[in-house]
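Examination of the molecular architecture
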Amino acid sequence: MALITKFIPESVFNKEFLILLVSFFLITSCNPKITTALVKDYKTLECDKEVTVFELDEKQPEDAEVLGVLALRDTGFTVKCNYEVVVDKAKLEARKAGGDAIKITMHKKPNFWSTCHRIDATILKLAN
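Overview of the state of the cysteines
What the rule picks out here adds up to 1 disulfide. With its sulfur 1.9 Å from that of its partner, Cys 81 forms a disulfide with Cys 116. Given an S-S torsion of about -75°, the disulfide between Cys 81 and Cys 116 has left-handed geometry. With Cys 81 in the loop between strand 3 (65-73) and helix 3 (83-97) and Cys 116 in the loop between strand 4 (101-108) and strand 5 (118-125), this residue pair connects regions lying 35 residues apart in the sequence.

A closer look at the pattern of salt bridges
Under the definition given, this model contains 4 salt bridges. The salt bridge involving Glu 65 is made with Lys 40; its shortest N-O contact spans 3.2 Å. One end of the pair, Glu 65, is in strand 3; the other, Lys 40, is in the loop between strand 1 (33-38) and strand 2 (52-54), with 25 residues separating them in the sequence. Given a relative accessible area of 27%, Glu 65 falls into the partly exposed group. Taking the shortest distance from any N to any O, the salt bridge between Arg 73 and Asp 120 comes out at 2.7 Å. Here Arg 73 is found in strand 3, whereas its partner Asp 120 is found in strand 5, with 47 residues between them in sequence. Classification of Arg 73 as partly exposed rests on a relative accessible area of 30%.

With respect to the sheet that holds strand 3
With respect to topology, 5 strands assemble into an open sheet ordered 1-3-5-4-2, the strand pairing being mixed. Looking at the sheet topology across the chains shown, the edges are occupied by strand 1 and strand 2. Ignoring which end each strand starts from, the neighbouring axes of this sheet average 25° apart. Bridge count for strand 3 against strand 5 is 7 bridges, and the pairing is antiparallel. From the neighbouring strand, Val 66 faces strand 5, where its bridge partner is Leu 124.

A few points about the packing of aromatic side chains
Counted under the stated rule, the structure contains 1 aromatic pair. Relative to Trp 113, the ring of Phe 112 lies with its centre 5.1 Å away and its plane at 80°, an arrangement referred to as edge-to-face. Here Phe 112 matches Trp 113 in class, with each residue exposed. Above the face of the Tyr 42 ring, Lys 125 is positioned so that its terminal group lies 5.1 Å from the ring centre.

What about the nonpolar core?
Soluble globular proteins tend to pack their nonpolar side chains together in the buried interior. If you look at the biggest cluster of nonpolar residues, it comprises 17 residues, and the most contacted ones within it are Leu 70, Leu 72, Ala 90, Ile 102, Ile 104, Ile 119 and Ile 123. Where this core is concerned, the elements lending two or more residues are strand 3, helix 3, strand 4 and strand 5. Among the elements that line this core, the one with the most residues is helix 3, at 6 residues. Residue contacts for Ile 104: discarding those within four places in its chain leaves Val 53, Phe 54, Glu 55, Leu 56, Tyr 83, Ile 119, Asp 120 and Ala 121.

Conventions adopted
Residues numbered from 1 in each chain as written. Predicted model: local features only at pLDDT ≥ 70, side-chain atom pairs only at ≥ 80, totals over all residues. Heavy atoms only, no water. Disulfide = S-S within 2.5 Å. Helix = DSSP H or I, 4+ residues; strand = E, 2+ residues; numbered from the N terminus. Salt bridge = Lys/Arg side-chain N within 4 Å of Asp/Glu carboxyl O. Buried < 20%, exposed > 50% of the residue type's maximum accessible area, 1.4 Å probe, protein only. Pairing = 2+ DSSP bridges. Axes fitted to C-alpha atoms, helices over the stretch in contact; angles between N-to-C directions. Phe/Tyr/Trp six-rings, centres within 6.5 Å; stacked < 30°, edge-to-face > 60°. Lys NZ or Arg CZ within 6 Å of the ring centre and 35° of its normal. Core = buried A, V, L, I, M, F, W, Y, C linked by side-chain atoms within 4.5 Å. Contact = heavy atoms within 4.5 Å.

Written out as structure tokens, the structure is:
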């Protein structure tokens, strides 16, 4: 306790603060880490708009506009990270950027080092 109060003043430190701090770290560490790099973005799509997924073995349309790339990784504490969940999170990021499709460019399955599916994808805006 003395070590904790060395960094946090005793006036701030109490049980409620500790519970809040631990809860914050547990909640934020249970999700996959999402990194997004956009070159262009549009207005966010509504949540009911469908996002098309082009798998590794599928070609993306040549007239699709590339909006950016994203990567979903394991934080070490990630618990819900099966393939469907990871792809859904990628689709959500695409919607935020105004994209209506993603092209999976890398997929690593769970292994000895990680129990999660990890993907890289390109965010696309399909031509109408």
